[in-house]
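Descriptive analysis of the structure
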Amino acid sequence: MRASLISTSRFFGCNDSVRSGLPNGEDNEERGLRKHAWMLTTVTILLCVLGGMSFAEPVTPYPLEPLDTSSPRATLQSLIDSSREAAAAYLKGDRKDARASARRAMECLDLEQELPDLREALGLESMLYLLEVLHRIDLPPMETVPDKEDVQERKIKSWTIPHTPITIGIGTEGVSNGKFLFTPETIRLLPELYKTVKDLPYKWGMERFDIYRDLTSHGGLIFSRRIISLLPDFFSAFFFGLRLWQWVGLALYVSLATVITLAGYVYVRRGLGRLDRRYEWNLRHNVGGLILPVALIVFPKIGLWVLIYGLHILNVEIYRPAAFVLVLLLYIGAIWLIGAILNRLSSVVISLGHFARGGMDTQLIRLGFQIVTLIITAVLAIDFGARLGMPTYSMVTGLGISGLAVALAGREALSNLIGTVMIIFDQPFKPGDFIVVGEGDQGTVTEVGFRSTRIRTRDGILISIPNSTVANMKIVNMSAPVTVTRIHVPVGAAYGSDPREVEDALLTVCKQSEYVTTDPAPSIRLIGFGDSSINFSLLCWVHHPEMRGRALDQLNRAIHEEFGRRGIVMPFPQRDVHIVSSQDPRNDLDTRSLKPSSPA
């Protein structure tokens, strides 16, 4: 343990007080102990950083206190201290705190210019590269590195480790703004710097121990060292930037996720179908339809963890497309799941409210939920672009321009949608009403859709009228405010007929009709005297506008029979023609006034 402390203190810049307590005759033993302690410390950091444990707070009395990155010295010291805490915690057996401290060391890197979904893998890879490089170079004394006072006095913006391109500079973007961090340029150079110094020995007289190479030689929780040691040697060969066992592990995960998803979809829906047949809960549709979107969220989320911690795929060129596909599937699943849940919620609201199917209130509820779905979809699409490093403001502007282009290209569809909204809010009619559109189509409204209104004529024909047309035309709702409607039946009786007898006959006909209501009661009006008849108008009410035609037919037939029984004559038009003789002197024409005058 003493040797471990010596090794740790020598690498991380601790005081030599611990070392000074050793006898002078134990130098050889000390060097041997240091050698083993260094390897133990390195493996400790490696396991802390990329082990399969969950993140936890570092061992510190102030777990929420941010790292000191106020100067190049503070940043370099923070990197060293975080690594030392990780090693100390692991030696105590506290792996969670060890991993949390190791991740705090990643906060010394400026990753703001990298894609958010790549920062995890790139940060781990860059930190390992940085530690490997720092182990193999001579670091300057800590007192020579600029501190906070030097930064303020000399207005220092960056500092470079002597004889290297490794630079600590002040960040200008996002959470890195105002902090001294290892610059993005340095992070991009780390792979090349590692290749340059990887064959150099470690400082402090220790044997070479390549952390990065050791890391990529096993796969964490999925492919342990023991499992890889049992595989043939060709599984450790590199193919397209990864070892063969990494490709195999990736293929196994994709296959396993696909099989579990399909099996769950088939068997769970089958089980829910049996419950539906027994209890009529409709679980197969309401719950079974959510299996696929949930799988598209769960398995990509797990896949992002598997790439880094399960298979140690830290090659950004490989991790980038794989992470893009997984994040895309995750967002597709999220949008699908939200849309499915909101659709089911709208059905629940309609069911609890006992709204008529296809009614105005039903359409309004569904329209509201669909608008909410579209808004959430747009927000998720913008967030997806931000996670991939796309400029969100440009995306919003682009969506606005694209929306304008779509609106111009689909103005008819847009006008129908606006017409739908106008009909839903104005509610000039509802399904079941008998309406007349303009001067032509008439029938019973069957459904008000998002594009058109459907009416069924009395001929049994279904007519679909665009809502933009319906919203801008005269609508006669013959079923509102009540469903009963009044009809006019003109009747003529010959001169000499008793008006009271005619009125009694008409009332008798109305009482015998099954279509005419008693409340309101029918009425008869004498509307005038024609050339050959006394004209009456029978005003009566029928139960529904669709009955108008049948009621008129029945009443006209019954009036004809009743008038025949009572002897009331229904005259036809008559004209008396008088022929006047041309010899009548009263009809002589004074033709002299028509003769032209003689010329003068």
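This text gives an overview of the structure that appears in the document.

About the thresholds
- Each chain has its residues counted from 1, running along the sequence as written.
- For this predicted model, a pLDDT threshold of at least 70 governs which residues receive local features, and a threshold of 80 or more governs which side-chain atom pairs are given and counted, while totals over whole chains, interfaces and linings are taken from all residues.
- Hydrogens are left out, water is left out, and the side-chain values use all remaining heavy atoms of the structure.
- Pairing between two strands is assigned when DSSP locates at least 2 bridges connecting them.
- Segments assigned H or I by DSSP are reported as helices when at least four residues long, segments assigned E as strands when at least two residues long, and all are numbered from the N terminus.
- An axis is simply a line fitted to the C-alpha atoms; with a helix, the fit covers only the stretch in contact. Between two such axes, the angle follows the N-to-C directions and lies from 0 to 180 degrees.
- Here's how the labels work: a residue is buried when its accessible area is under 20% of the maximum for its type, exposed when over 50%, partly exposed in between, all with a 1.4 Å probe on protein chains only.
- Stacked, edge-to-face and tilted labels apply to pairs of Phe, Tyr and Trp rings (six-membered ring for Trp) whose centres lie within 6.5 Å, assigned for plane angles under 30 degrees, over 60, and everything in between, in that order.

Now for the sheet that holds strand β13 (residues 534-542). Taken in spatial order, the 3 strands line up as β11-β13-β12 in an open sheet, and their pairing is antiparallel. The open sheet has two edge strands with one neighbour each: β11 (485-493) and β12 (523-529). In this sheet, neighbouring strand axes are inclined to one another by 25° on average, regardless of whether the strands run parallel or antiparallel. One ladder, built from 6 bridges, connects β12 with β13; its direction is antiparallel.

Moving on to the sheet that holds strand β2 (residues 167-170). As summarised here, the arrangement of the 3 strands in space is β1-β2-β3, forming an open sheet in which the pairing is antiparallel. Single-partner strands in this sheet number two, and they are β1 (158-160) and β3 (180-182). The sheet shows a mean angle of 20° between the axes of neighbouring strands, direction not considered. Bridge count for β1 against β2 is 3 bridges, and the pairing is antiparallel. In the sheet register, S158 faces β2, and the bridge partner there is G169.

Side-chain direction in a regular strand flips from residue to residue, so the side chains alternate between the two faces of the sheet. For β13, the buried fraction is high: 7 of the 9 residues fall into the buried class. Here β11 pairs with β13 via 9 bridges, running antiparallel. Its bridge partner lying in β13, G492 is registered against N535. A loop of 4 residues connects β12 with β13, the two strands running antiparallel in sequence.

So, on to the packing of aromatic side chains. Here the structure, examined in full by the defined rule, presents 2 aromatic pairs. A ring pair is formed by Y129 and Y194, whose centres lie 5.0 Å apart and whose planes are at 40°; its orientation type is tilted. Within this pair, whereas Y129 is found in helix α5 (residues 119-135), its partner Y194 is found in helix α7 (residues 184-197), the two being separated by 65 residues in sequence. There is no split in this pair, since Y129 and Y194 are both buried. Considering the side-chain rings of Y495 and F529, the 6.5 Å spacing of their centres and the 15° angle between planes classify their relative orientation as stacked. Of this pair, Y495 sits in the loop between β11 and α18 (499-512) while F529 sits in strand β12, and the two are 34 residues apart along the sequence.

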